[in-house]
Amino acid sequence: MKMKVQNQFRDEVITAVGNALAKMGFPDTQFITEVSDMADLAVPCFTMSKGLRMPPKDIAAKIAENIVPSGLITGVSALNGYINFTMDQNVLVEATLCDIIEKGDDYGTLPSKGKKVNVEHTSTNPTGPIHVGRARNPVIGDTLARCLKRCGYEVCTEYYVNDVGKQVVILTWGVTNIPKGSVQEEERDKTDHKLVAYYRKANKMMEEDPAVQEQIAEMLRKFEAGDKETISHVRKTAEVMLDGLKETLAGINVTLDRYTWESDFIADGSARAIVEKLKTSEYAGQADDGAWYLDLKAFGVQGKNTKFTFTRADGTTLYTTRDLAYHLNKFSRSDIVIDVLGEDQKLGSKQLCSALEILGCEKKPEPMFYSFVSLPEGKMSTRKGVVVYLDDLIDEAVSRAYDEIKSRRSDMSEEKMREVARQIGVGAIRYNIVRVSPEKQFVFKWEDALNFDGNSGPYLQYVYARTCSMLRKAGDFEPDYDPSKLTDEFEIKLVHSLSRFEAAIQVSGEQKRVNMLPAYGHEVAAAFNQFYAAVPVLAAGESRNSRLTLVECTRTVLRNVLSCLGMEAPEEM
RNA sequence: GGGCAGGUGGCCUAGUCUGGAUAUGGCAGCAGCCUCCUAAGCUGCAGGCCGGGGGUUCGAAUCCCCUCCUGCCCGCCA
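Here is what the cut-offs are and how they apply
Residues numbered from 1 in each chain as written. Chains lettered and ligands numbered in written order. Predicted model: local features only at pLDDT ≥ 70, side-chain atom pairs only at ≥ 80, totals over all residues. Heavy atoms only, no water. Axes fitted to C-alpha atoms, helices over the stretch in contact; angles between N-to-C directions. Helix = DSSP H or I, 4+ residues; strand = E, 2+ residues; numbered from the N terminus. Parallel < 35°, antiparallel > 145°, perpendicular 65-115°, else oblique. Left-handed = near helix turned anticlockwise from the far one by under 90°. Contact = heavy atoms within 4.5 Å. Nonpolar A, V, L, I, M, F, W, Y, C, P; charged D, E, K, R; others polar. Pairing = 2+ DSSP bridges. Near = heavy atom within 4 Å. Polar contact = N/O pair within 3.5 Å; in protein donor to acceptor, adjacent residues only side chain to side chain.

### As for the packing of helix α14 (residues 390-408) against helix α15 (residues 414-434)
At a minimum axis separation of 7 Å, α14 and α15 run at an interaxial angle of 125°. One finds that α14 runs oblique with respect to α15. α14 and α15 meet at a crossing whose hand is right-handed. Across the interface between the two elements, Leu393, Ile394, Ala397, Val398, Ala401, Tyr402, Ile405 and Lys406 of α14 pack against Glu414, Met417, Arg418, Val420, Ala421, Arg422, Ile424, Gly425, Val426 and Ile429 of α15. Partitioning the contact of α14 with α15 into residue classes produces 13 nonpolar, one polar and four charged.

### A look at the sheet that holds strand β5 (residues 154-161)
Reading across the sheet, the five strands line up as β6-β5-β4-β10-β11 and stay open at both edges, with parallel pairing between neighbours. If you trace the sheet from one side to the other, it starts and ends with β6 (258-261) and β11 (366-370), each paired once. Across the sheet, the mean angle separating the axes of adjacent strands is 25° when strand polarity is ignored. Judged from the four bridges that link them, strand β4 (residues 116-120) and strand β10 (residues 336-342) form a sheet pairing that is parallel. Its bridge partner being in β10, Asn118 is matched across the sheet by Val337. Against the sheet, helix α12 (residues 319-331) touches β4, β5, β6 and β10, its axis set at about 160° to β5.

### Observations regarding the pairing of strand β2 (residues 73-79)
For a regular strand, side-chain orientation follows a simple rule: the groups alternate between the two sheet faces. Sheet topology places β2 next to strand β3 (residues 82-87); six bridges connect them, and they run antiparallel. The residue of β3 that forms the bridge with Ala78 is Ile83. Where β2 folds back onto β3 in an antiparallel hairpin, the turn is made up of two residues, including Asn80, whose phi is positive at roughly 50°.

### Topic: the protein's contact with RNA strand B
Residues in close proximity to RNA strand B total 68 residues, the closest being Tyr82, Asp289, Arg408, Tyr462 and Arg466. Counting only the atoms of RNA strand B that lie within 4 Å of the protein, the sugar and phosphate share comes to 64%. Contact distances for RNA strand B include 3.1 Å between a phosphate oxygen and a backbone N or O atom of Tyr319. Between a sugar or linking oxygen of RNA strand B and a side-chain N or O atom of Asn529, the distance comes to 3.1 Å. Elements with a contribution of two residues or more to the surface near RNA strand B: β3, α12, α13 (346-358), α14, α17 (457-474) and α20 (516-534).

What follows is the structure, given as structure tokens:
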């Protein structure tokens, strides 16, 4: 495989600087290279100052003097203690464009690593519709999964369905016992919205009526005693709720490969087996009333309580115990396990890792945390009804996009406008969510979520549509990679951006910094818009085919970026 | 009380892990640009004690200590 020109350039710079230092009488001096705005590659000389007993400025000047540009290096200069190198633009232009045209949709896809990655995300309790407070989870998880696929991993996305415990039992009790007409049915015809009304009412009734409380407690007791009928009843209710959640997720282009049910780990005895194994651990202990716990003080767990309880007094398992069984299950199917979790799970995740270690599991899940989205008036709550549902956000975004299209396009069919509006509205939402680094606190504002200008999803889609439109008008053309025809500063800048796609994918996937991807997409789109405004393409004469090649390469990269972001690529808008 | 995370122009945000050149980009504001490939665009202007204080360093948004503000956690809940 041909070495990336950037890497080759870097190697040449390192060799040149090394040789210059040797010539100056300082072989084996350590130095680094860094990318910067001032040059294609720079070598800061500050660290060498002590060893060479010279001010950095003088070192830089001296080294620069001793380097004669050759190969990919076309320029060397010293400034403020840096040696700045410029790279042969012609080689970069030709190599980048050829690479993109040749690989097409596979440009930026790395060779298979032969490793399986499991990405668990979303996993919201099936007790109500997905609200914006939790919407970061599917968007981050799905984007990460898409990036990891491009990084060469075999990826499985997975939703862990919590069909065990009080919350789902309350929901099930409500759906079963509250008469149909007595709750305010939501106008939206989706199972999750229909069912949440019963959940709210059941919670309220339980608080107010001891008899209801007793019925629910009884149901919970039966559930925990392993009563098959109750368990299956609860699971069926959760399934109905989940259907609605799946619909919402599909609405933002999220589909998961696998759904794993918590109750299965009780049914197949694996949670039980974990309990038995943990009991034999040196860290295990038993409370006076019989509850088992691990003392995790030795694992760096801090706070007023370092105990991690894994059975109740009556011996039944807890959520955390089942989660341990679930993680062992995931590790049996994957090399790397990633959990996308809300920040409230931080301690739990740490305890889980310690417990896995005690169980002798060498691998640990890699958690990825995000802060909850709140409203300007405070945090969201399904039970209190202080909430913006993701479905409502989608509807609003799509409707806004529709108005925009309608106001600027008279030639598009109604059906087409609806479809494009959906693509744009959904794109705006996904982009707006991933562009912010996950651990940052996020206050939901309609004006930001529905922003279609500047650093937004539609901005990328708009540029994509532009490239499509130009190529449509151009018709067939012969690709031209001749770098001597692409010399405008905006053309060069655009090629530079395009050449960085692989690096952007790696940072987003490998380092799990998914917010780097929208930033990269924006950089490419902005570079294209500048090029578009400054340079004619269709009427370019001599350079027409070269510029069309550049447009096609931009289209390809943008389509790949959009696909990683889970956004659609409208050919017109 | 303890722990974890965040604090960067009016608002949102990159950079912090791995210290270096004039701190990234956007929104809102102001001024320009459609007889030409989609103006969801482009150009320019204005706007910053990088929460505060100490320290380390030739050099700190970045590392260390202290402190303030915000969020989250410290269940025999899930």
